[in-house]
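A structural walkthrough
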Amino acid sequence: MAAERNYYTIDPEGKLQCVKCGVKLIKGKAKFMYLDNGFPVELPVCPVCGFVYVPEELALGKVLSVEKALEDK
Amino acid sequence: MAQIQERGSTHVYKVNKISKEEMENMVTRCVYEEAPFCNAACPLKLDTRAMLKAAAAGDFKKALQLYEKAATFPLIVSAGCEAPCEQKCRLCECGEGLAIREVEAAVARFGQAQRLGGIFRTKKKKTVAVLGSGLFALFLAGELEKKAYPITVFCEQPDLENFLRCGTEFLDQEAFGLELKRLKGKDISFVFSCSITADFLAEKRVAFDVLCISEAVFARLLPSAAFVPELQYCEEEKLVTGSSAGVMDAAFQAKKAALTVDRLAQNLDPRNMRGQEDPFESRLYTDLSAAKELARIPAQTGGYTKEEAVKEAGRCIQCHCDECMKSCAYLKHYKKYPGLLSREIFNNTQIIMGDHQLNKPMNACTLCGQCTAVCPNGFDMAHVCATARRNMVSTDKMPLAPHEFALMDMIFSNGDAFLARPQPGVEKCKYVFFPGCQAVAVAPETVKAAYLDLCERLEGGVALMLGCCGAICDWAGRYEMQAGTREFLLQEFSKLGDPVIIAGCPTCKKELAESVGGEIIGIWDVLEEIGLPEDAHGLDRPAALHDACGARGDAPTQEAIRDLARKLGVTLVETEYSGDRAPCCGYGGLTAYANPEVAAEITQKALERSDAPFLSYCMACRDRFARQGRESRHILELVYGTDAGAPPDISEKRYNRLNLKKELLSELWHEETAEMKLDYTLEYTDEARQLMDGRMILTDDVIAVLNYFRETGEAILDDETGLMIARKRVGNATFWVKFTQPEPDHYLVHRAYSHRMNVVRRDG
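Attention here is on the structure that accompanies the text. Just so you know, these numbers come straight off a predicted model, no measurement behind them.

1. Things to note about the overall build of chain B
Looking only at helices and strands, chain B features 35 helices and 21 strands. Relative to its length of 764 residues, chain B is extended, with a C-alpha radius of gyration of 36 Å against a globular reference of 27 Å. In chain B, which comprises 764 residues, the share counted as buried stands at 57%. Intrachain contacts of chain B at a sequence separation of at least 6 include 72% that bridge at least 24 residues. By element, 50% of the accessible surface of chain B is carried by carbon and sulfur atoms, the whole surface being about 32,800 Å². Counting 92 positive and 109 negative side-chain charges, chain B places the averaged centre of each group 6 Å from the other.

Here's what the structure looks like:
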């Protein structure tokens, strides 16, 4: 089987915790969806409730540039 | 609040055609690419403008290269040229036309002859022969050598000197010597002392791919044959020919003949793809104010010296049209003249699959119409961009992101913040005051004062309508929303009994006139009629008047504003671009939303016109200028003695609209609005407020996030910063808020950001 491709990976390194569940966020599987396109990524995720965290640098950096590229398709 | 549907997919493989005729009709108005007048008049199509520029810079080598491109034997051509270019020189209209021929002669004398490729130059495979002598044969051989054909000249003369002498008897010894040297340097084979007979011709027909022949030989050997002068070609005999009657005729015919040879050598019809060969009338526009030196430098008997030629060439004003580029910061930003930019923008709409790289420029035009006013041919960039935007919307290829904030703002103006009421105590009003969404957002106190004044001083009752005229969706190209807005406004005006509309903003006046129709006047017209309020007074220092793009082409409005300013006692400073030629403030066309960088450049350019405070009559202009740190006042602020103060941020603009509605409903119509009170304390750091304004995040968005957090408890804690982070998807974006919680019901917002992509968890 071909190796799974992730467009972006962030490891929370135990510095983030879910307020609701009281547990540390872990590196988990997530997906960005925009205009009928999907991108598998690995982001900090709560192992209990599934909260996916998108850091500010990612939102205003890579995510924004991909949004703009897709918008002009 | 209603949402706007995001486009479903990037996989839309359809386009709505813009016909070539429709496109050409718009694009060809731009004369930037038109040939200068001298160049258009020249049968040889010499790039006179570039040659004169090089000569003026003292670069005679480059000047000669350009001259040789058009004239293979420059000294012969300059000696025999009748200089039709000189008559067409625009300097003739304000002084003495340029002595182009004299400059050319000097360029030919002082310039360094060009060497083409030398032995490494690749020759074409097809062979060409020229039979005969004279100017035509000489020029044609030169033209064909330039096109890299292996060429052989068969002539009756015994040597090269005699061949060159034929038809060039007017040349002095020095010029003859130089041209002989030039001819020797060319890669042309010569066969001298030939007896050109019918048999000789027949023999060469077989030996060469294309055969050319001087007119004299043609007439002698084939007296009954005729040739097509436009092609210099006798189809019957398959011969290329031309006359040597005059220098220019011979040179022009040699050019046409060389093109025919080129087509024949490729087995193509010589009639096709010939381009513009004859001299023509140029449509170029030239601003003659650049002309300074109006008298010719007199030429001595031997022609110009180098210095004189440089000086005369320096008189050339380098005819070109950049009227729009001089005035429009948008065109300047993209460094493309409108003809080219429009073509690219149209092509952008016709892309079936792939990147629409011109989306940004297409959405950065303010649609203000300044280019149309300053262009000698009325080029309409606004029409091009507006057409392109609507076209892209129609195929669902238009991104929503650049315009969504503005469109949502419009929905807010005509939804939560909308108000339509007759004047208290008047059942059917004669008038309705429509101040415009920006006026209410930026200067609610001024709007209130204006409305109360109108109610007091106008007979017949004045209703009030707080809302958006629809310009926002018009600018965004969202024609379906525009039709909906029109329908909504028609109904609302109808409920009020279709009164005369008093617009507070020139753009509203224009937009409403086009959409809902009926009688529409400006508040400035009313004030002209009823006079200013008693205590109205102007500024104690001169102010520059900024004309609104909504009033372009509306001379009565422009004049009424000037008259009001005079009556207010304002000393107006004249600026270079005013009236119909005024630039946009940067708000128009939604540029401020779609492309803040270009919008800032446009605002800066508008402000550069004067150091004085700016006086405007559109609240969006007032706001843009104030945001750029310039003292900026709306004329109604002076009329009513109000001061809107520092420009509000995006959330304050919404608050101002809601608040004025609430205030007026309570004070005038005695209707109380339920107050939306938060059951917790919410504060922002200065940094958060600043970030939110720049990132187009409203306090309402932050409240939505915090409400969701309070409801679900979903948030994360960043151990490093100690900040809590919560999020909520609102409409087409996810908003994130970083905050601290000093007390259980007290939140302090530190940062906020958003993204449009939706993020979900995935399994496996």
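There is more to say, and it comes next.
2. Some words on the overall build of chain A
Scanning chain A from N- to C-terminus turns up one helix and three strands. Each helix and strand of chain A, placed in order from N terminus to C terminus, yields the pattern β-β-β-α. With the C-alpha coordinates of chain A rotated into their principal frame, the extents come out at 40 × 35 × 20 Å. Restricting the contact set of chain A to residue pairs at least 6 apart, pairs at least 24 apart contribute 42%. Within the structure as shown, chain A displays about 3,700 Å² of accessible surface, and the carbon and sulfur contribution to it stands at 54%. Placing the 10 positive and 10 negative side-chain charges of chain A at their respective mean positions leaves the two points 4 Å apart.

3. What to know about the nonpolar core
All names here are of chain B. If you look at the biggest cluster of nonpolar residues, it comprises 135 residues, and the most contacted ones within it are Tyr-330, Ile-345, Met-381, Phe-433, Leu-512 and Ile-523. No other element matches the eight residues that helix α20 (residues 381–394) contributes to this core. Among all residues touching Phe-433, those that are not within four sequence positions of it are Val-447, Ala-450, Tyr-451, Leu-454, Val-462, Ala-463, Leu-464, Met-465, Ile-502, Gly-504 and Ile-523. Core analysis: the second largest hydrophobic core is formed by 82 residues, Ala-63, Val-77, Leu-183 and Cys-319 among them.

4. Here we look at the interface of chain A and chain B
In this complex, chain A contributes 43 residues to the contact, which on the side of chain B involves 40 residues. Here chain A and chain B share an interface that buries about 3,800 Å² over both sides, 56% of which is from carbon and sulfur atoms. Looking at the side of chain A facing chain B, the largest losses of area belong to Phe-51, Glu-56 and Lys-73 of chain A, adding up to 18% of the total buried there. Summed over the shared surface of chain A and chain B, the result is eight salt bridges. Between Glu-71 of chain A and Arg-756 of chain B there is a salt bridge; the shortest N-O distance is 3.8 Å. Inspection of the region where chain A meets chain B yields 28 residue pairs in polar contact (both at pLDDT 80 or more).

5. Quick look at the sheet that holds strand β5 (residues 233–234) of chain B
Residue and element names in this part refer to chain B. With mixed pairing, six strands are arranged side by side in an open sheet as β3-β2-β1-β4-β6-β5. Strands with a single pairing partner mark the edges of an open sheet, and in this sheet they are β3 (189–191) and β5. Sheet topology places strand β1 (residues 128–131) next to strand β2 (residues 151–154); four bridges connect them, and they run parallel. By the bridge assignment, Leu-131 is partnered in β2 with Phe-154. Helix α11 (residues 198–207) rests against β1, β2, β4 (210–214) and β6 (239–242) of the sheet, and its axis sits at about 150° to β4.

6. A short note on a nonpolar patch on the surface
A contiguous nonpolar patch, built from Tyr-13, Ile-352 and Met-353 of chain B and spanning about 360 Å² of accessible area, is present on the exposed surface. The topology assignment puts Met-353 of chain B in the loop between α17 (338–349) and α18 (359–364).

7. What to know about unusual backbone geometry
Backbone geometry follows two general trends: most residues other than glycine have a negative phi, and most peptide bonds adopt the trans configuration. Residues and elements named next belong to chain B. Positive phi is not limited to glycine here, since Lys-45 has a value of about 60°. You can see Lys-45 is positioned in the loop between α2 (37–41) and α3 (48–56). By relative accessible area, which is 27% here, Lys-45 ends up partly exposed. Phi is positive for Ala-83, which is not a glycine, with a value near 50°.

What counts, and where the lines are drawn
Residues numbered from 1 in each chain as written. Chains lettered and ligands numbered in written order. Predicted model: local features only at pLDDT ≥ 70, side-chain atom pairs only at ≥ 80, totals over all residues. Heavy atoms only, no water. Helix = DSSP H or I, 4+ residues; strand = E, 2+ residues; numbered from the N terminus. Rg over C-alpha atoms; globule rule 2.2 N^0.38 Å. Buried < 20%, exposed > 50% of the residue type's maximum accessible area, 1.4 Å probe, protein only. Contact = heavy atoms within 4.5 Å. Areas by Shrake-Rupley, 256 points an atom, 1.4 Å probe, with all protein chains shown as cover. Lys, Arg positive; Asp, Glu negative; His and termini not counted. Charge placed at Lys NZ, Arg CZ, Asp CG, Glu CD. Core = buried A, V, L, I, M, F, W, Y, C linked by side-chain atoms within 4.5 Å. Buried area = accessible area lost by both parts, 1.4 Å probe. Salt bridge = Lys/Arg side-chain N within 4 Å of Asp/Glu carboxyl O. Polar contact = N/O pair within 3.5 Å; in protein donor to acceptor, adjacent residues only side chain to side chain. Pairing = 2+ DSSP bridges. Axes fitted to C-alpha atoms, helices over the stretch in contact; angles between N-to-C directions. Patch = residues over 30% accessible without salt bridge, like charges linked within 9 Å, V, L, I, M, F, W, Y side chains within 5 Å.

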